[in-house]
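Here are the chains, one letter per residue:
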Amino acid sequence: MNPIAATADAAARGGSPPFGRWRLPFVVVAVALVDCILVVAAQDVRLAGALVLASILAVVHVKPMVAFALWFAAVPWFLPFRLDIAGPAADAERLVGLMLIAVALVYVLEGRAAPTARLAIPALVTAAIITVSTIVQPVHFPEDLSTYIDQILVPLGLALAFLAIPFERRQLVALLGVLTVTGVVAGGIGVYEHQILRNPWNQEVITEPLIRAQGPYTHPIVFAVMLGFAGLVLIETSLRARRGALRIAAVAGLSPVMLAIFFTFSRGPAVAFAVSVAFLFLRGRGFRWMRAEWLLVAGFGAIVLRQLLASEDAVSRYSSPDTLHVRMILYRLAWKLIEGNWFAGLGVAGFKHNVAEVRDSLPESLVTIHHGWQAVDNHFLSVLVEGGVVAGVTFAALIAVAARVAWRTSPTDPLQRIGVSFMVLVSVVSLDIETFHYAEIAACFFLGLRLAATPPGARV
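Numbers given to residues run from 1 along each chain, matching the order in which its sequence is written. Where local features are concerned, this predicted model is filtered to residues with pLDDT of at least 70; where side-chain atom pairs are given and counted, the filter is 80 or more; whole-chain, interface and lining totals use all residues. Side-chain numbers here rest on the full set of heavy atoms in the structure, without hydrogens or water.

Draft legend 1. Quick look at the overall build of the protein chain. Only DSSP runs of H or I reaching four residues or more are called helices, and only runs of E reaching two or more are called strands; each is numbered from the N terminus. The helix and strand tally for the protein chain stands at 19 helices and 0 strands. Relative to all contacts within the protein chain whose residues are 6 or more apart in sequence, the contacts with residues 24 or more apart total 79%. Accessible surface is estimated by sampling points in the Shrake-Rupley manner with a 1.4 Å probe; for residues, cover comes only from the protein chains shown. Summing over all exposed atoms, the protein chain offers an accessible surface of approximately 20700 Å²; the carbon and sulfur share of this is 67%. When checking whether two residues touch, look at their non-hydrogen atoms; a contact exists if any pair is within 4.5 Å.

Draft legend 2. Molecular detail of helix α9 (residues 169-196). Taking 1.5 Å per residue, 28 residues should reach 40 Å; α9 reaches 41 Å between its end C-alpha atoms and fits that length. Immediately downstream of α9, the backbone of L197 shows phi near 60°, a positive value. Expected span of a helix: the number of residues minus one, times 1.5 Å.

Draft legend 3. Main features of the packing of helix α10 (residues 220-240) against helix α18 (residues 414-429). Between N-to-C directions, angles cover 0 to 180 degrees, with each direction set by a line fitted to C-alpha atoms, over the stretch in contact for helices. Interhelical geometry of α10 versus α18 gives an angle of 150° and a closest axis separation of 10 Å. Considering the angle they form, α10 stands roughly antiparallel to α18. Regarding α10 and α18, the two cross each other, and that crossing is right-handed. For the pair α10 and α18, contact is made by V225, G228, F229, L232, V233, E236, L239 and R240 and by P414, R417, I418, S421, F422, L425, V426 and V429, respectively. Nonpolar residues are Ala, Val, Leu, Ile, Met, Phe, Trp, Tyr, Cys and Pro. Charged residues are Asp, Glu, Lys and Arg, and all others, Gly as well, are polar. Grouping the constituent residues of the contact of α10 with α18 by class yields 11 nonpolar, 2 polar and 3 charged. With respect to orientation, any angle under 35 degrees is reported as roughly parallel, any angle over 145 as roughly antiparallel, any angle of 65 to 115 as roughly perpendicular, and every other angle as oblique. Crossings are classed by handedness, with left-handed meaning an anticlockwise turn of the near helix from the far one by less than a right angle and right-handed meaning a clockwise turn.

Draft legend 4. Structural view of unusual backbone geometry. Not every positive phi belongs to a glycine, and F265 is a case in point at roughly 55°. Only protein chains enter the accessibility calculation, which uses a 1.4 Å probe. A residue is then buried if its area is under 20% of the maximum for its type, exposed if over 50%, and partly exposed in between. Taking the relative accessible area as the measure of exposure, F265 reaches 2% and is therefore buried. If you check the backbone angles, D377 has positive phi at about 65° while not being a glycine. By the element assignment, D377 lies in the loop between α16 (350-359) and α17 (379-407). Given a relative accessible area of 11%, D377 falls into the buried group.

Draft legend 5. Geometry of the pattern of salt bridges. Salt bridge criterion: a side-chain nitrogen from Lys or Arg within 4 Å of a carboxyl oxygen from Asp or Glu. Scanning all chains against the criterion turns up 3 salt bridges. For D413, the salt bridge goes to R169, with nearest N and O atoms at 2.3 Å. Residue D413 is found in the loop between α17 and α18, and its partner R169 is found in helix α9; the two are separated by 244 residues along the sequence. Taking relative accessible area as the criterion, D413 reaches 6% and is therefore assigned buried. Between E236 and R417 there is a salt bridge, and its shortest N-O distance comes to 2.9 Å. With E236 in helix α10 and R417 in helix α18, this pair connects stretches of sequence that are 181 residues apart.

Draft legend 6. How the structure looks around the environment of A344. Relative to the helices and strands, A344 resides in the loop between α15 (322-340) and α16. Residues A344 and G387, 43 residues apart in the sequence, show an inter-C-alpha distance of 5.5 Å. In this structure, A344 is in contact with S133, E386, G387 and G388, ignoring residues within four places of it in sequence.

Draft legend 7. Spotlight on the packing of α10 against helix α19 (residues 439-453). At a closest axis distance of 10 Å, the pairing of α10 and α19 adopts a crossing angle of 25°. Judged by the inter-axis angle, α10 sits roughly parallel to α19. Crossing of α10 over α19 shows left-handed handedness. Contact residues: α10 offers V222, V225, M226 and F229, while α19 offers E440, I441 and C444. Class assignment for the residues of the contact of α10 with α19 results in 6 nonpolar, no polar and 1 charged.

Draft legend 8. Geometry of the packing of aromatic side chains. A pair of Phe, Tyr and Trp rings is counted when the ring centres sit within 6.5 Å of each other, with Trp represented by its six-membered ring. The angle between the planes then sorts it: under 30 degrees is stacked, over 60 is edge-to-face, the rest tilted. Within this structure, the stated rule accounts for 10 aromatic pairs. Consider the rings of F395 and F436, whose centres lie 5.4 Å apart with planes at 85°: the pair is edge-to-face. Within this pair, whereas F395 is found in helix α17, its partner F436 is found in the loop between α18 and α19, the two being separated by 41 residues in sequence. Residue F395 is classed as buried on the basis of its relative accessible area of 3%. Three or more aromatic residues link up through ring pairs in this structure, and these residues are F380, F395, F436, F445 and F446.

Draft legend 9. Summary view of empty space enclosed by the protein. Cavities and pockets were defined on a 1 Å grid built from protein atoms only: a cavity is a group of points that admits a 1.4 Å probe but offers it no way out, a pocket is an open group of points flanked by protein on both sides within 12 Å along at least five of seven lines, and a lining residue is one with an atom within 4 Å of any such point. Grid points are joined across faces, edges and corners, and a volume is the space filled by probe spheres set on the points. Taken as a whole and assessed by the stated rule, the structure comprises 3 cavities of 30 Å³ or more. There is about 60 Å³ of room inside the largest cavity. Taken together, F72, L179, T182, G183, A186, Y217, F223, M226, L227 and A230 make up the lining of the largest cavity. Counting residues per element, the ones that place at least two in the lining of the largest cavity are α9 and α10.

Draft legend 10. A look at the nonpolar core. Throughout, nonpolar core names a set of buried Ala, Val, Leu, Ile, Met, Phe, Trp, Tyr and Cys residues whose side chains join them through atoms within 4.5 Å. One finds L158, F229, F422, F436, F446 and L447 to be the most contacted residues of the largest nonpolar core, which totals 94 residues. No other element matches helix α8 (residues 144-164), which puts 13 residues into this core. Within the second largest apolar cluster, 15 residues are counted, among which are V326, L333, F351 and V376.

Draft legend 11. Structural view of helix α11 (residues 244-263). For α11, which comprises 20 residues, the first-to-last C-alpha distance of 29 Å matches the rise-based estimate of 28 Å (1.5 Å per residue) to within 8%. Here the bend at a residue means the angle between the axes of two seven-residue stretches, the one that ends at it and the one that starts at it. S255 marks where α11 bends most, by close to 25°; the proline P256 follows one to four residues later. Among the residues of α11, those classed as buried are R247, A250, V251, G253, L254, V257, L259, A260, I261, F262 and F263. Within two residues after α11, F265 carries a phi angle of roughly 55°, on the positive side.

Draft legend 12. Examining the environment of L98 more closely. Within the secondary structure, L98 sits in helix α6 (residues 92-110). Taking relative accessible area as the criterion, L98 reaches 2% and is therefore assigned buried.

Draft legend 13. Broad picture of the side chain of N378. Inspection of the secondary structure puts N378 in the loop between α16 and α17. With a relative accessible area of 7%, N378 lands in the buried category. Within the local environment of N378, its side chain forms a polar contact with the backbone nitrogen of L381, the two atoms lying 3.1 Å apart. Polar side-chain contacts of N378 include one of 3.5 Å to the backbone oxygen of L431. If we skip the residues at most four places from it in the chain, N378 touches Y331, S430, L431, D432, I433 and E434. Any N or O atom pair separated by 3.5 Å or less is treated as a polar contact, with the protein-specific requirement of one donor-capable and one acceptor-capable atom, and with residues adjacent in sequence counted only for side-chain atom pairs.

It is worth stressing that arrangement in space is one thing and function is another; only the former is reported here.
Structural data, given as C-alpha cells:
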C-alpha cells in the first residue's frame with residue numbers, strides 16, 4: 001500500500017468521518033479551496049501551487065508535527081532573508097503560518113479536531129471583527145492587505161492551528177524541546193552579535209554599530225520574548241529533573257538565553273520574564289529543589305551585573321525615564337482615537353494612519369515623540385483602536401478563557417505549569433508591545449493555552 005493510502009486507511013480506522021470512503025478526495029479538495037482563498041486574499045496567485053502542495057503533504061502524508069517543528073526550528077533562521085517569490089505572502093513565516101491554519105481547518109471540517117479547538121473562538125472572532133472594521137473604512141491603503149496578513153490573519157489564525165490539531169502529550173513535549181533548543185542557539189548567537197556589534201543575518205542593512213541584539217528575529221523585543229519562552233522551559237526542567245547532571249545542564253543553557261535577553265536592552269520583556277519565573281518558583285514551591293544550581297545562577301548574575309556596569313548604553317537605557325514618558329504620550333494619543341471611534345475602531349494599522357489627526361490636541365510640552373511612530377506599544381489599546389469596543393470585548397474574552405484554564409491547572413504537572421507561564425509572559429509583555437501582531441509570540445501563547453488545557457496523563 002502506498003504511503004498516502006496507508007495514512008488515509010489508518011486515519012479511517014481511528015474514527016468514522018462523515019465523508020466515508022470519499023474522505024481523502026474531500027481533504028484534497030477542501031485544502032485546495034482553503035488555500036486558494038488564502039492566496040487570493042494575499043493577491044499572489046503564483047503561490048497557489050506551492051501552498052496547496054505543502055498543505056496536502058502536511059495533512060495526508062507528512063504529520064502536522066513536522067510543520068510545527070519547522071515553525072519553531074527553521075522559520076526564524078529563514079525569515080530575515082525574505083525570499084520574495086511574488087506578492088505579500090511569499091516569505092517563509094507567512095507560508096508556514098497559512099499552511100498550519102489550512103491544516104487546522106481540514107481537521108475541523110473532518111470532525112477530528114481536538115477538544116481544545118473551541119478555545120480558539122475568541123481569537124478568531126477578534127480577527128473577524130478587525131477585518132470588518134478594516135473593510136468599512138472610507139480610505140484604504142495599499143499596504144494594509146499585507147499588514148492584515150502579518151498582524152491579524154496569521155497570528156490570530158494560529159489559535160486554530162495550535163488548539164484544533166490533535167496532538168499527543170509526547171508530541172507537545174517534543175515541540176517544547178524544539179522551541180528550547182532553538183532558543184539556546186539563538187541566545188548564543190545574540191551574545192555573539194553583541195560582541196561583534198553587528199547582526200550576522202542582516203549585515204546589508206546595518207549602517208551603524210548595533211547596540212541591541214535581535215538575533216534572527218525582526219525586532220529586539222520579539223527576540224527577548226522568544227528567549228523568555230525557552231528560558232521558562234529550561235527553568236522548569238531544572239526544577240523538575242531528577243538527575244543532577246540534567247539540572248546543571250538546564251541551568252547552564254540558561255546562561256546564553258538570559259544574557260541575550262539582557263543584551264536586547266528591553267525592559268518590558270525582562271519584567272515579564274521575571275514575573276513568569278516567579279510564577280514557576282511559587283507554583284508548587286519548586287525553588288526548594290534547587291541546590292548546586294544556585295551557584296551557577298549566582299555566577300550568571302555576577303556576569304550580568306558586570307556587563308551592565310561596564311556599558312554606558314545599558315546603564316542609560318535602564319535608568320532613563322524617557323521610554324516611560326513616550327509610552328504615556330502614545331497611550332494618550334491612542335485613547336483620543338478610541339474616543340472618536342469607540343464602537344467599530346479604525347481597522348488594521350488604524351493608529352499609524354490616524355495618529356496625526358489627534359497629535360496636535362496634546363499640549364506642546366508633552367509632544368516630544370517623533371512623527372513617525374506607528375504603534376501604540378500596548379496590545380490592549382491597539383485592539384481598541386483597530387476594532388473598537390466590540391473587538392476589545394472578544395479579546396478580553398480570549399484573556400478570560402486563558403485565565404479560567406490557568407486557574408484549573410495542576411500545580412504539579414510540568415506541562416500545565418509551563419503553559420501557564422507562557423501565557424503570563426505574553427499577558428504582561430502585552431502592556432509593552434503589540435504582542436499578537438507578531439506571529440511568533442502569538443504562536444507561543446496559543447501553545448501555552450494548549451499545554452495548560454491538556455489534562456495530566458491525557459493522550460490527546
